[in-house]
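Now for the letters of each chain:
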Amino acid sequence: MFDEPAPTSHSDGGPTRWPIGPFTRAVVEPEADDYLTSCPSSKSFTPGAEYGLHPMMEEKWQTLSRDDDMGADESVLFHCMSSYRDVLFYEQSHINGDKVRKVAMLHLANHVRKAHNRWRWNMDAITVALSSGTPLPDEESVRDQGPARTRVLVLCAFRSIAFNLASWFTSLLSQKKTVRRLDLLTERYLPGDDSVPNTFPEHAHLFSGSSNDRFVFGAAVSRRSVTLFTRLAESDIIFASPLGLRGLVKADHGYTEHTDLLSSVEIMYVDRADALKMQNWEHVLESCRATNCPPVNLGQCDIRRLRRPAADGLLRAYRQTIVFADGKSPDFLAILNEGPRTRKQKRNASVVDGEDELRVALGRKHSDVIRNRNHRGTIRLSKPCSSGVVSTVTASGVSKQAFLSVQCTTLVDTTTRHLKAFEERFWNAGGSSLEGLVIIVPSYLELISIRKLLRNDKRHVAFIYEYTNQVDLRRLRREFNKRSCSALITTERYFWYRPSLPRFEHIFFFKPLETPALYVQIMRRAINPSCATVLTLFSRFDVFALERLCGESMAKKMAKSEGNKLFAFC
């Protein structure tokens, strides 16, 4: 677990498609090894000693998963996580959400237990040697720690999710151990049910319980107990939201004393990355940059027991990153390439200790890649998406759904090109004359761009977004229902938090929706589905969103199309 080989270049083998159990679209980088090819094929998940699980932890797992139907998906997922490669799991949903979270907590609890046991055994061996006058253990055998104590970082969206994760984590480690301050966890993180009634299953599962998105707390494992809400500097695992963690480390201001807490993180687990993207993705990236930074102050750390990667400044190359999400997105893959924030140094100076040696061993062009990525490789688990939700919407009565291609050369100019296509191909071409029109944009930034574009338009257009207060919200909805304003422009993020939209006659999507369940829910608000105009702009950079809406084969064909080409689903 800790005596890993030296980093190796990823250029020896590129990404390869390797069917792993039910995940026929799995991508392994570099090529699959003997461990992955020996993935269990059984339909039941019964982890045992082959993964280093303690017998008591096996019993706890059987109790924890008694009511869940653990199958091949969970077995393959745990097997891949146990390889300590970076894992991207794109199939987390409201159906299997709790099951895969329990599997992730089993992996994290097993890692913390083994790390703590090794630290305790080495400490006992050193104590016995000092007291008896015998030679001390070998120097390399006692290198079992980093600059800080925290080994695991868990990022999740809401307090309700953190409550479940922390409860499962402590229950797996509570054999012969006392769980302290568990009542405080229930009091602070399970205050009641804040979920919105009468919503679709995906939304109800995500927002059930407390939806507070600002929190940070830690847990420490000792010989006889598991203690919650310990000081972060004395915690083995930290549960946090990206907003709460960014407020703690103050990543905008570079190095602080709090970034030292995350300097020794060995596993970072990101739960429901699609939900975190709807909150603020920049908080997630800044949290990643604040992780595994070289420490400013070593504190009480015994430098003689530092692991070799920590001493060489290469902890990021040995960190495992686990990302769970509902659907694919380039942003999720970017987490794996996000390196720690480095200190401001003179030009041409080494950023971390040991980098010059790494450049000589692997070549200059590979050193940055190795330093910012897990040297063991990456596993991306996904299943084919044969048909999207467009066919479901068509069967519900929407007679025509159109998708218009926008030619974009780079990702930077997508908003500008979409804005130009909206003005020329839709608004000036007859869209401005439609009554009961709803326009949905991805975020507040696109809404500001459209507002600036329509500032000289004589028609009354209402703007509703996530920052609109309740008084203005009720007034604007009332005006739209009475058709006092002809068009209503809102954001996908607003509808994700408040899944209630006024009934409309026509709808326009500035970009394909990231969440297919929202698309189905929105289409149900059409007054006359058979006569509704439904138009969506897309570019080749929206292929993952198109897969969820139109299906995998059709999405590839649409992404390769030329600009201004129209695809209609009837």
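The structure this text deals with has already been given above.
The written sequence of each chain sets the order in which its residues are numbered from 1. Where totals are concerned, whole chains, interfaces and linings use all residues; where local detail is concerned, this predicted model gives features only for residues with pLDDT of at least 70, and gives and counts side-chain atom pairs only at 80 or more. Water and hydrogen atoms were dropped before computing side-chain values, which therefore reflect all heavy atoms in the structure.

### Focus on the overall build of the chain
Quick reminder of the rule: Only DSSP runs of H or I covering at least 4 residues are called helices, and only runs of E covering at least 2 are called strands; the numbering of each starts at the N terminus. With a 1.4 Å probe rolled over the protein chains alone, any residue whose accessible area is under 20% of its type maximum counts as buried; one over 50% counts as exposed, and the rest are partly exposed. The contact definition used throughout considers only heavy atoms, calling two residues in contact when any of these lie within 4.5 Å.
Of the regular secondary structure elements, the chain holds 21 helices and 18 strands. Here the chain, with 570 residues, has 55% of them falling under the buried criterion. Long-range pairs, those at least 24 residues apart, make up 77% of the contacts in the chain with a sequence separation of at least 6.

### What to know about the state of the cysteines
Note the threshold: Note that a disulfide, as used here, is simply two cysteine sulfur atoms within 2.5 Å.
Tallying each qualifying case throughout the model produces 0 disulfides. There is no disulfide at Cys550, and the cysteine sulfur nearest it, in Cys385, is 9.5 Å away.

### Focus: the packing of aromatic side chains
Defined as follows: Pairing of aromatic rings covers Phe, Tyr and the six-membered ring of Trp, with a centre-to-centre limit of 6.5 Å; geometry is then stacked below 30 degrees between planes, edge-to-face above 60, and tilted otherwise. Our definition puts a charge over a ring when NZ of Lys or CZ of Arg is within 6 Å of the ring centre and also within 35 degrees of the ring normal.
Inspection of the entire model under this criterion finds 27 aromatic pairs. By way of ring pairs, the aromatic residues Phe169, Tyr189, Phe215, Phe217, Phe229 and Phe239 are connected into one cluster. The ring of Tyr189 carries the charged tip of Arg159 above its face, separated from the ring centre by 4.6 Å.

### Notes on the sheet that holds strand E12 (residues 401-405)
The cut-off we apply is this: Paired strands are those between which DSSP finds at least two bridges. Axes here mean lines fitted to C-alpha atoms, for a helix over just the part in contact, with angles spanning 0 to 180 degrees between N-to-C directions.
Here 7 strands make up an open sheet; going across it, the order is E14-E15-E13-E16-E17-E12-E18 and the pairing mixed. Each edge of the sheet is formed by a strand with only one pairing partner; in this case those strands are strand E14 (461-464) and strand E18 (566-569). The average undirected angle you get between the axes of adjacent strands in this sheet is 15°. Where strand E13 (residues 437-441) and strand E16 (residues 506-509) come together, 4 bridges link them in parallel fashion. Of the residues in E16, the one forming a bridge with Ile440 is Phe509.

### Quick look at the packing of helix H2 (residues 55-64) against helix H4 (residues 97-132)
Convention followed: Should an angle fall under 35 degrees it is called roughly parallel, over 145 degrees roughly antiparallel, and 65 to 115 degrees roughly perpendicular, with every other angle called oblique. Each crossing is labelled by how the near helix is turned from the far one, with a counterclockwise turn of less than a right angle marking it left-handed and a clockwise turn marking it right-handed. Under the grouping applied here, Gly and all other residues not named as nonpolar or charged are polar, the nonpolar ones being Ala, Val, Leu, Ile, Met, Phe, Trp, Tyr, Cys and Pro and the charged ones Asp, Glu, Lys and Arg.
Running from N to C, H2 and H4 point in directions that differ by 165°, and their axes come no closer than 12 Å. On the basis of the axis angle, H2 is roughly antiparallel to H4. For the pair H2 and H4, the crossing hand works out as right-handed. Residues Met57, Trp61 and Leu64 of H2 form the contact with H4, whose own contacting residues are Lys102, Val103, Leu106, Ala109, Asn110 and Arg113. Residue classes in the contact of H2 with H4 are distributed as 6 nonpolar, 1 polar and 2 charged.

### Remarks on the pairing of strand E6 (residues 216-221)
Among the 6 residues that make up E6, 5 are buried, leaving the element largely enclosed by the rest of the structure. By the bridge criterion, 4 bridges tie E6 to strand E8 (residues 237-240) in an arrangement that is antiparallel. Paired with Gly218 across the bridge in E8 is Ile238. Summarising the sheet, E6 and strand E7 (residues 225-230) pair through 4 bridges and their orientation is antiparallel. Paired with Gly218 across the bridge in E7 is Thr230. Between E6 and E7, which pair antiparallel one after the other, the connecting turn spans 3 residues.

### Side note on the side chain of Arg316
Convention followed: Think of it this way: Lys and Arg go in the positive column, Asp and Glu in the negative one, and His and the chain ends go nowhere. Should a side-chain nitrogen of Lys or Arg be within 4 Å of a carboxyl oxygen of Asp or Glu, the pair is scored as a salt bridge.
Within the secondary structure, Arg316 sits in the loop between helix H10 (308-312) and strand E10 (320-324). Asp86 provides the closest opposite charge to the buried, unpaired Arg316, separated from it by 4.6 Å.

### Some points on the sheet that holds strand E9 (residues 267-270)
The mixed open sheet is built from 11 strands, whose spatial order is E1-E2-E11-E3-E10-E9-E4-E8-E6-E7-E5. Of all strands in the sheet, those bounded by a partner on one side alone are strand E1 (16-17) and strand E5 (178-180). For strand E4 (residues 152-155) and E8, the ladder comprises 4 bridges, and the chain directions are parallel. Looking at E8, one finds that Leu155 is bridged to Ala240.

### So, the pattern of salt bridges
Taken as a whole and assessed by the stated rule, the structure comprises 26 salt bridges. The partner of Arg289 in a salt bridge is Glu282, and the shortest N-O contact between them spans 3.2 Å. A relative accessible area of 35% means that Glu282 is categorised as partly exposed. One network of salt bridges, in which partners are shared, links Lys277, Asp331, Glu514 and Arg548.

### As for the side chain of Asn374
The line we're drawing: Counting of polar contacts relies on pairs of N or O atoms within 3.5 Å, with two restrictions inside protein: one atom must be capable of donating a hydrogen and the other of accepting it, and residues adjacent in sequence are counted only when both atoms are side-chain atoms.
Considering the arrangement of structural elements, one finds Asn374 in the loop between helix H13 (364-371) and strand E11 (378-381). On the basis of relative accessibility, which here comes to 1%, the residue Asn374 falls in the buried class. Within the structure, the side chain of Asn374 is placed 3.2 Å from the side chain of Asp86, a separation counted as a polar contact. There is a polar contact of 3.3 Å between the side chain of Asn374 and the backbone oxygen of Arg319.

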